[in-house]
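Listed below are the residues making up each chain.
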Amino acid sequence: NFYRRMMFIVIFFTFLLNFVFSILHPEEYVHPLAGTFTEGDVFSTGNTLPLIGRPWGFNHWAPQTTEQNRYSGSWWFKGSEHTLTWLRCTHQPSPWIGDWGYFLFSPIISGAGQEVTRNPEHYWEPRGAIIKPYLFDATVAPYNIRIELTPTDHAAVLRVTFPIKEVVSAGESALKQEKRICFIEAAWDNHGVIADTGGQYIKGRATQVHEDRMITSGFSMFILVESKEATDVDSHNDMTCLRFRNDAGSVIVRMATSFISHDQAKLNMRREVKNDKSFDQVSKESKTVWRNILKRVDVVDPGEHSEFASRNLAVFYTGLYRALMFPRRIDEFDANQQVVHYSPYDPHSQPGGPVKKGVLVTDNGFWDTFRTVYPLLSLAYPDHLAVIIQGWLNAYSEGGWLPSWASPGYRNCMVGTFADVVIADAIVKGVTGFDLMMAKDALLKDAFEEPPKFSDGAVGKVGLREYIDNGFLAYDQRGGEVVSRTVDYGFADFATAQALQALIARDEDNKVFDSQAKEDLQRKAKTLLERSQRAYSSLFNKQSGLLTPRSRSDSRLPAGFSAIEWGNGYTEGSPWHHSFPPYGIYTGNERELGKLVDLHGGKTRFQVNSKQLQIRKLRPADPRDGRHGRRSSPS
């Protein structure tokens, strides 16, 4: 009986290990290197970066494998490269958008009197390093330096372990080592002795922002760097370096940033990485933050504890980690614990000037995320979604419009006003915690007001008057991407109408809207629903069964039209990608199909046509697309 009981216990706990143990620490299944084996825009496995940071963090941190110069561009990390040059504080949401407000740093060992190299070459195996959302840990050759970094929201702690023995190169006598951690790509204009702890500090400002972004020209990220072990600060060309004793082993560097001021950066440092917090304590905190946020989505049955199950969990949790990195919160806590921010959306806002209250977010393209990231947030993270939406509404309040792409301010990139869909979806689902009246006003502005011409597509519906008058945007009036713009405008109209109706329905006692206001909202909702139907019905071509470009007066197929060609009237896709908008199929009534189904000739014919989307070869000359191209959002 004893052995039977023991056997039962062993089998029982083996069962538990198979089904439970694998997801006790979901943060360990995240692989930030996934998607980084990329060759610019020639070949991509994802165009991602191995980002270390907190969820929706103010800063991200990443290794850099290229030299830093004016030709570095946005593809500064490749997972297949074995040269590590710098670590980087980054705000890059995508290589197509580029980085802003960044700086670089690296440990450097040199011989006495030797030149300090600007682009140090450390050699490493990326897949042999520990790269997790909460930790970077790599040992690099030729000097056997261990580099570790762990993040907080506005700060990070760097731990560098230098070799204590002198490095002897082949054929050379031993050189007296000089040990530094050097910083570039910012104006390092102040340094000195830390008054309360000793050691050295450096202050800097990073000001990189692309000119094509609608943002005040005086943007700055304020940087504070401190190390108790540093003995001096020296400069080498455009590098500013913390100098350490020649016999230094492990040293700690604390870094904090702010968009408001150096004083605020110091406040962020004292709160998040104060001196009595060890590196390991901060790392443990970051790890716990990630564990708790990832465990919101529980994998109930991952299968037997095997390599196959582990690989599936890695795919899932790596994708979830990516979904929780953006948009970026850029608000800070002031000395009174009030949430404040510098606003890149307000043309009158200036660094060092008056700050604004509340949360603020950036680094997000709604065209890419409205049907993927935000529905996930509404289901698993509604509390965080409410804060994020309020951040977008504050951008609207300060800049006058909701952005279509933001990085860090308004950015002219992609089409549509899909922030409307995100906010409307949250309203319909009953997400609470953001200003509903401000949300209503923002939605109505996008729906009925023509954007300013100088915005050039960064806000609002470009060609709104033509869209209203024609029911669509015509290629002989508006040029390229007219199908995508039309269908996307219709999507926003449909979503806004649903949100307005939801607001009316919930106000049964007329506590928010009086009867006249409700009638006005109901009238506008009806108008928007009609506009959304016209958007796809005006472009539906019976000959092809697709939504196709047309001129203002002629609905025939344009000359040279191809059903599988990307571009022309379509954004990052072909006619097949853009011809089945869900709002044309779903009406909000489970028993009623949309008008798009009728245009195809009924439910049976629609099913036949829509199934062709799954099997039709798109861009057959391009093997990356396969049969159903899932590389872009319209898919």
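Residues numbered from 1 in each chain as written. Predicted model: local features only at pLDDT ≥ 70, side-chain atom pairs only at ≥ 80, totals over all residues. Heavy atoms only, no water.

A.B. asks: Can you break down the state of the cysteines residue by residue, with the values?
C.D. replies: A complete count under the given rule lists 1 disulfide for this structure. Here Cys182 connects covalently by a disulfide to Cys241, the sulfurs 2.1 Å from one another. Disulfide Cys182-Cys241: the torsion about the S-S bond is 105°, which places it as right-handed. Here the residue Cys182 occupies a position in strand S10 (residues 177-184), and Cys241 occupies one in strand S16 (residues 239-244), the gap between them amounting to 59 residues. Cys241 matches Cys182 in its accessibility class, with the two residues each being buried. (Disulfide = S-S within 2.5 Å. Helix = DSSP H or I, 4+ residues; strand = E, 2+ residues; numbered from the N terminus. Buried < 20%, exposed > 50% of the residue type's maximum accessible area, 1.4 Å probe, protein only.)

A.B. asks: Which residues make up the sheet that holds strand S15 (residues 232-236), and what values do they have?
C.D. replies: The strand order S1-S3-S4-S10-S16-S15 describes an open sheet built from 6 strands, whose pairing is antiparallel. This sheet does not close on itself; its edge strands, each paired only once, are strand S1 (60-64) and S15. Ignoring strand direction, the axes of neighbouring strands in this sheet form an average angle of 25°. Sheet topology note: the strand S4 (residues 103-111)/S10 ladder contains 8 bridges and is antiparallel. Residue pairing across strands places Ile109 opposite Lys179, the latter belonging to S10. (Pairing = 2+ DSSP bridges. Axes fitted to C-alpha atoms, helices over the stretch in contact; angles between N-to-C directions.)

A.B. asks: Account for the sheet that holds strand S20 (residues 339-341), with residues named and values stated.
C.D. replies: The 3 strands are arranged S19-S20-S21 in an open sheet whose pairing can be described as antiparallel. Both edges of this open sheet fall to strand S19 (332-333) and strand S21 (356-357), since each of them pairs with a single strand only. Pairing geometry for S20 and S21, over 2 bridges, is antiparallel. Residue pairing for S21: His341 is matched across the bridge by Lys356.

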